[in-house]
Amino acid sequence: MATVSERVKYAPVENAEELFTPEFIEYLTLLHDRFTPKVHALRAKRAEVLEKVLRQGMSFDHPPVSEINTGDWQVPPVPEDLRRPGIEISGPCSITAMFINALNPGPEGERAEGDLDDDEDSGGHRFIDTVQAAQNRLKAVERTLVFYNPERQREYRIDDGEIPFFMHRERGLHLDEPEVTVDGTPIPAAILGTALTLFHAGRAQIDRGQGVYFYLPKVESAEEVGFYRELFDASMEHLGFPESAVVRAIPLVEALPAIYEMEEMLYALGPYAAGLNAARWDLKASILEYIMTDSNSVWPDRFGVDIKTTEFLANIFRRLVAICLKRGAVPIGGMATALPSRDDEVNRVAGESIRADKEWEASQGFIRGWVAHIFHMKTAADPFKELIASGWEPSPEMYNPDHYPVEVKVPEGPITVDGTRRNARMLIEYVEGWLNGRGAKGIDSLAGKPGIHPALMEDLATGRISVAQVAQRILHQAKDVNTGQAHSFGLVKQLLREEVDDILAQLRATVQEGDEGGQAAYAQAQERYQKSVKIAMRWVKNYTELDFRSLGSYTRADLDAIAEAEDAF
């Protein structure tokens, strides 16, 4: 019989051996044996539900009336950390310089309340990224994290003072880690990431009397959330956590089925429940996937679909707040994505937009939101702090979920080829960043166009939205409201080619004559961008075939093969 250590194989990436100790491998193997079959079963249920919706016209509804949705239960007392009003800064935990910057004060000298140290939508989804993130988390807890960038000749280190609390976000249940296997079977990424965090950074946090907090991404049902409760139970028992240890989790409401089971998801987490998060981008993407075959549900241009002015989306999140208020949990809002610019006017307009958005969230009862860059951190945080400091309290109506029934409608707004063009440009830019090891990238999809438009930090969620929207328009031959031009594979391919040519022309214009280093860098970027177009086409074609697999499910070898193959359309 193989020993535990012989059963586990992992790619020889830098620093992995420091994390994959014999004790950790024993723990990971225990989790694999107990939970990997459950992950596969949950995935099969997801696929069955999706098939019934897309092929058989099944619709969603709330679970039957029960003690869960009518009783007077409450979540356990939420730690004071998680009750702080303000902002959480989000970014990839694996990119050390960005992670350190997120933990430090912004331009005004204030830190974020929390840090969403992300391995999911903004992470690189390679095993090396997972290893780096696990090390960075541990060293940040220990306050020993330092990074030197030789190109910039700059050292990054954590400043003195209290740092934000951590919200660990691992990859979701839908993904495997192909570079870590047990008995030849890839381990689910959610198991691996959660295990690494609990075993290393989590134990260090508990030793220091800190809470260990998780976001649970891409969950689609109370049953899936219940899986995490079992995972936490097994981990706490095996790792010998003391009874005083505080482990809490917040599910992200970012899948269409989940909006019908928000109360049940909180209940399913039991002693680990702390709140719910209104994940705007992935929810839009999920809705688009579940309505993909409905010709009467083609959505307008994505940048025009604002939560604040799209009543059915706003009501979903008002219901989320009501459930949290009713059950003693914390409601967390969405992301402010604008990045800083050298143009003061662009920053001013972006700041006004961020403040208005966060004022709206605060007035709906959210206590925090997210921000993508420290430059806009204070702007995003102040509305929450100011409203709560004013003595404002939610009205009695806001505590009642029944006041906010769930409806899924088609948002108002135009369908235009220009909107599809912006999606095409976003996809090219995003996949190029992915090929360069980044799961999030600052993208201006209107680059070179007149007007004021800051670059936005876009990640895998907005990639999903863009792909889904392009595919939906092709499937239903949606017509431009102004010109009547119908969407087709040919049109989308033309847009992709035009946009990559424009991107490369703008990039080439920045390279000085005789700058050999710049020319070499341009050549490498050119190759990535051309690969990006091929991968974007494959991604879109998958969606038209109702294959919604994540970009994160492809290895780099898979992506290279796509780039070398014939165009997907």
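The structure contained in this document is the topic of the report that follows.

What counts as what
- For every chain, the first residue of the written sequence is number 1, and numbering continues from 1 along that sequence.
- Local features in this predicted model are restricted to residues whose pLDDT is 70 or higher, and side-chain atom pairs enter the listing and the counts only when it is 80 or higher, whereas totals over whole chains, interfaces and linings include all residues.
- The basis for every side-chain value is the complete set of heavy atoms in the structure, and neither hydrogens nor water enter the calculation.
- A helix here means a DSSP run of H or I that spans at least four residues, while a strand means a run of E at least two residues long, and both kinds are numbered starting from the N terminus.
- C-alpha atoms define the radius of gyration, and 2.2 Å times the number of residues to the power 0.38 defines the globule rule.
- What makes two residues a contact is simply this: any of their non-hydrogen atoms within 4.5 Å.
- Residue burial considers only the protein chains on display, and all accessible areas are found by Shrake-Rupley using a 1.4 Å probe.
- For every element, the axis is a line fit to its C-alpha atoms; helices are fit only across the contacting stretch, and the angle between N-to-C directions ranges from 0 to 180 degrees.
- Should an angle lie under 35 degrees it is considered roughly parallel, over 145 roughly antiparallel, and from 65 to 115 roughly perpendicular; all remaining angles are considered oblique.
- Two helices crossing with the near one rotated counterclockwise from the far one by less than a right angle form a left-handed crossing, whereas a clockwise rotation gives a right-handed crossing.
- All amino acids are sorted into three groups, where Ala, Val, Leu, Ile, Met, Phe, Trp, Tyr, Cys and Pro are nonpolar, Asp, Glu, Lys and Arg are charged, and the leftover types, Gly among them, are polar.
- Here's how the labels work: a residue is buried when its accessible area is under 20% of the maximum for its type, exposed when over 50%, partly exposed in between, all with a 1.4 Å probe on protein chains only.
- Being paired, for any two strands, means DSSP has found at least two bridges between them.
- Note on handedness: a clockwise path from strand one over the helix to strand two, with the strands aimed away from the viewer, defines a right-handed crossover.
- Expected helix span is computed as 1.5 Å times (number of residues minus one).
- We define the bend at any residue as the angle between the axes fitted to the seven residues before and including it, ending there, and the seven starting there.
- By convention in these notes, a salt bridge is any Lys or Arg side-chain nitrogen within 4 Å of a carboxyl oxygen on Asp or Glu.

Quick word on the overall build of the chain
In step 1: The helix and strand tally for the chain stands at 18 helices and 15 strands.
In step 2: Taken against the 2.2 N^0.38 rule, which gives 25 Å for 569 residues, the C-alpha radius of gyration of the chain at 23 Å falls within 12% of a compact globule.
In step 3: Overall size of the chain, expressed as C-alpha extent along the three principal axes, is 60 × 55 × 55 Å.
In step 4: Counted over contacts in the chain with a minimum sequence separation of 6, partners at least 24 positions apart contribute 80%.
In step 5: Counting only carbon and sulfur atoms, one obtains 48% of the accessible surface of the chain, whose full area is about 23,100 Å².

Some thoughts on the packing of helix α8 (residues 222-239) against helix α9 (residues 262-269)
How two helices pack is summed up by the angle between their axes together with the distance between the axes.
In step 1: At a minimum axis distance of 8 Å, the contact between α8 and α9 shows a crossing angle of 20°. One finds that α8 runs roughly parallel with respect to α9. The handedness of the crossing between α8 and α9 is right-handed. Here A222, V225, G226 and R229 of α8 come into contact with α9, specifically with E264, M265, Y267, A268 and L269.
In step 2: Taken together, the residues of the contact of α8 with α9 sort by class into 6 nonpolar, 1 polar and 2 charged.

A look at the pairing of strand β6 (residues 165-169)
In step 1: The element β6 is extensively covered by neighbouring structure, given that 5 of its 5 residues are classed as buried.
In step 2: Covered by surrounding structure in β6 are F165, M167 and R169 together with F166 and H168, the residues of both alternating faces.
In step 3: Where β6 meets strand β9 (residues 212-216), 3 bridges bridge the pair, whose relative direction is parallel. Of the residues in β9, the one forming a bridge with H168 is F214.

Describing the pairing of strand β10 (residues 247-253)
In step 1: Taking burial as the measure, the 7 residues of β10 include 7 buried ones, the bulk of the element.
In step 2: Because side chains alternate across β10, one face comprises the buried residues V247, A249, P251 and V253, and the other comprises R248, I250 and L252, equally buried.
In step 3: Strand direction decides the pairing type here: β9 and β10, joined by 5 bridges, are parallel. Note that in β10 the partner of V212 across the bridge is V247.
In step 4: Note: β10 against strand β11 (residues 275-278), 2 bridges, orientation parallel. Bridged to L252 within β11 is N277.
In step 5: On the question of chirality, the crossover connecting β10 to the parallel β11 by way of α9 is right-handed.

Here we look at helix α3 (residues 22-56)
In step 1: Over its 35 residues, α3 runs 49 Å from end to end, which matches the ideal 51 Å to within 8%, given 1.5 Å per residue.
In step 2: Largest kink in α3: about 45°, centred on F35, with the proline P37 one to four residues after it.

A short note on the environment of G334
In step 1: Positionally, G334 belongs in strand β12 (residues 330-336).
In step 2: On the basis of relative accessibility, which here comes to 2%, the residue G334 falls in the buried class.
In step 3: In this structure the C-alpha to C-alpha distance between G334 and V371, which are 37 residues apart in sequence, comes to 8.2 Å.
In step 4: Non-local contacts of G334, meaning those with residues more than four positions away in its chain, are made with A278, R280, K358, E361, G369 and W370.

A short note on the side chain of S286
In step 1: Within the secondary structure layout, S286 lies in helix α10 (residues 280-290).
In step 2: Every residue in contact with S286, bar those within four places of it in the chain, is listed here: E254, A255, L256, P257 and R464.

Structural notes on the environment of Q364
In step 1: Inspection of the secondary structure puts Q364 in helix α12 (residues 344-364).
In step 2: The class of Q364 is buried, set by a relative accessible area of 14%.
In step 3: Each residue touching Q364, except ones within four places of it in the same chain, is listed here: R318, V321 and M398.

Quick word on the pattern of salt bridges
Opposite charge on two side chains lets them pair, provided their charged atoms get close.
In step 1: Per the counting criterion, the structure on display carries 57 salt bridges.
In step 2: A salt bridge links E263 to K326; the nearest nitrogen and oxygen atoms lie 2.9 Å apart. Here K326 lies in helix α11 (residues 311-327) and E263 lies in helix α9, a separation of 63 residues in the sequence.
In step 3: Judged by its relative accessible area of 27%, K326 falls in the partly exposed class.
In step 4: Each of D118, E120, D121, R169, K218, E254, D282, E289 and R464 takes part in a single network of salt bridges with overlapping partners.

Structural notes on the sheet that holds β6
In step 1: An order of β2-β3-β6-β9-β10-β11-β12-β13 is seen for the 8 strands of this closed barrel, with the pairing classed as parallel. The sheet shows a mean angle of 30° between the axes of neighbouring strands, direction not considered.
In step 2: Summarising the sheet, strand β3 (residues 114-118) and β6 pair through 5 bridges and their orientation is parallel. Bridge pairing links D118 to R169 in β6.
In step 3: Along the sheet, helix α5 (residues 96-103) contacts β2 (86-92), β3 and β6; its crossing angle with β3, the most-contacted strand, is approximately 165°.

Focus on the packing of helix α7 (residues 189-207) against α8
In step 1: Between α7 and α8, the shortest axis-to-axis distance is 11 Å and the interhelical angle comes to 40°. Our classification of the angle between α7 and α8 gives oblique. Viewed along their axes, α7 and α8 form a crossing whose handedness is right-handed. Contact with α7, carried on its side by A190, I191, T194, L198 and F199, involves F227, Y228, L231, F232, S235 and L239 of α8 and no other residues of that element.
In step 2: Residues that form the contact of α7 with α8 fall into these classes: 9 nonpolar, 2 polar and no charged.

Observations regarding the sheet that holds strand β7 (residues 176-182)
In step 1: On the basis of which strands lie adjacent, the open sheet formed by 3 strands has the order β1-β7-β8 and antiparallel pairing. Whereas interior strands pair on both sides, the edge strands pair on one side only; in this sheet they are β1 (8-10) and β8 (185-188). Each strand of the sheet is rotated relative to its neighbour by a mean of 50°, with strand direction disregarded.
In step 2: Sheet strands in contact with α7 are β7 and β8, and its direction is about 60° off that of β8.

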